[in-house]
Amino acid sequence: MNYRQRELIYEGKAKRVFACEIPDRVLIEFKNDATAFNAQKRSEIDGKGRLNCKISAALFELLELKGIPTHFLELHSETFMIAEKIKVIPLEVVIRNIATGSLCKETPISQGTLLTPPLLDLYYKDDELGDPILTEERLKLLDLVSVFEIEEIRKITRSVNNILKEYFDSLDLLLVDFKLEFGTNPSGKLVVADEISPDNCRFWDKKNSDPKERILDKDRFRQDLGGVIDAYEEILKRIEKDSSRAT
Ligand code: TMP
Ligand code: ASP
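Computed from a predicted model, the values in this text were never measured in an experiment.

Rules of the game
Residues numbered from 1 in each chain as written. Chains lettered and ligands numbered in written order. Predicted model: local features only at pLDDT ≥ 70, side-chain atom pairs only at ≥ 80, totals over all residues. Heavy atoms only, no water. 1 Å grid on protein atoms, 1.4 Å probe; cavity = no way out; pocket = protein on both sides within 12 Å on 5 of 7 lines; lining within 4 Å. Points joined across faces, edges and corners; volume = space filled by probe spheres on them. Nonpolar A, V, L, I, M, F, W, Y, C, P; charged D, E, K, R; others polar. Pairing = 2+ DSSP bridges. Helix = DSSP H or I, 4+ residues; strand = E, 2+ residues; numbered from the N terminus. Axes fitted to C-alpha atoms, helices over the stretch in contact; angles between N-to-C directions. Near = heavy atom within 4 Å. Polar contact = N/O pair within 3.5 Å; in protein donor to acceptor, adjacent residues only side chain to side chain. Areas by Shrake-Rupley, 256 points an atom, 1.4 Å probe, with all protein chains shown as cover.

Trainee: Looking at this model, I keep getting lost on the layout of surface pockets. Mind explaining?
Mentor: The space that makes up the second largest pocket amounts to roughly 330 Å³. Lining of the second largest pocket is provided by 14 residues; of these, Ala58, Glu61, Tyr167, Ile239 and Ser243 occupy positions nearest its centre. Taken together, the residues that form the lining of the second largest pocket break down as nine nonpolar, one polar and four charged.

Trainee: Would you mind going over the sheet that holds strand β3 (residues 25-30) with me for this structure?
Mentor: Within a beta sheet, neighbouring strands are joined by backbone hydrogen bonds and run either parallel or antiparallel to one another. In space, the five strands of this open sheet follow the order β1-β2-β3-β7-β6, with antiparallel pairing throughout. The open sheet has two edge strands, β1 (8-11) and β6 (72-75), and neither has a second partner. Sheet twist, expressed as the mean angle between neighbouring strand axes with direction ignored, is 25 degrees. Alignment of β1 against strand β2 (residues 15-19), held across three bridges, turns out to be antiparallel.

Trainee: What am I meant to see in the site of ligand 2 here?
Mentor: Taken together, Lys13, Thr35, Ala36, Phe37, Asn38, Ala39, Lys218 and Arg222 are the residues near ligand 2. Contacts to ligand 2 include Ala39, whose backbone N or O atom sits 2.7 Å from an oxygen atom. Between ligand 2 and the protein, one listed contact pairs an oxygen atom with a side-chain N or O atom of Arg222 at 2.7 Å. Contact with the protein chains covers 75% of the free accessible surface of ligand 2, which is 270 Å².

Here it is in structure tokens:
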């Protein structure tokens, strides 16, 4: 279908959301802007929007095939996707298979520790507050979603992790951790929203044991390692190679 781009509804750090002629749907544009540490570090990375849009579309399609509800409907162009218009739940749901990042900064757990079962943490999505981690009691106090929905969010996140971990393993990539966001769609159903890309996942190349060279995600930008776009290209290349094998 040919969607017409209407007014800007929302602009975030990495995406813009536009209305279209169908009230229950939106156009999401993936920008080249890169930010880290709550936007204290900023840059523009040519080609990042296209790569994140295509990677996210492929992963949302995979999840839908496996029965996970997502906001994704179809790709509109190389940098735009069509999605259901959702009511965003202000939570960042992080699941970790291997310890690194903030977990190792905030606890004595050493880098590279295998986390079994995977560690799931909820953060309150609020840039001004720096997305603070939530305790169970603070989560209840905030009353953002029902107890039932929280349980659903946890269950879906663990299923997404199982699906993606197995999938990336087949592409010789370790899925270290990732962040999901959720929303409710126009019929009130809980769906996975936002994006799933090297901006919000950590991927390590199984074929490389060098702790810096193996990084194929936004940590290359966060840690000034260079080769950001090459890393994102590599993720898309492996996904596309896999889908051409499947057809
Ligand atoms: P962390 O180790 O910095 O807490 O990050 C855990 C995962 O969440 C990692 O895959 C990167 C992702 N993430 C986001 O997508 N957005 C954020 O704002 C942060 C802090 C992390
Ligand atoms: N997305 C966050 C920011 O832009 C942090 C991060 O991904 O490291 O600030």
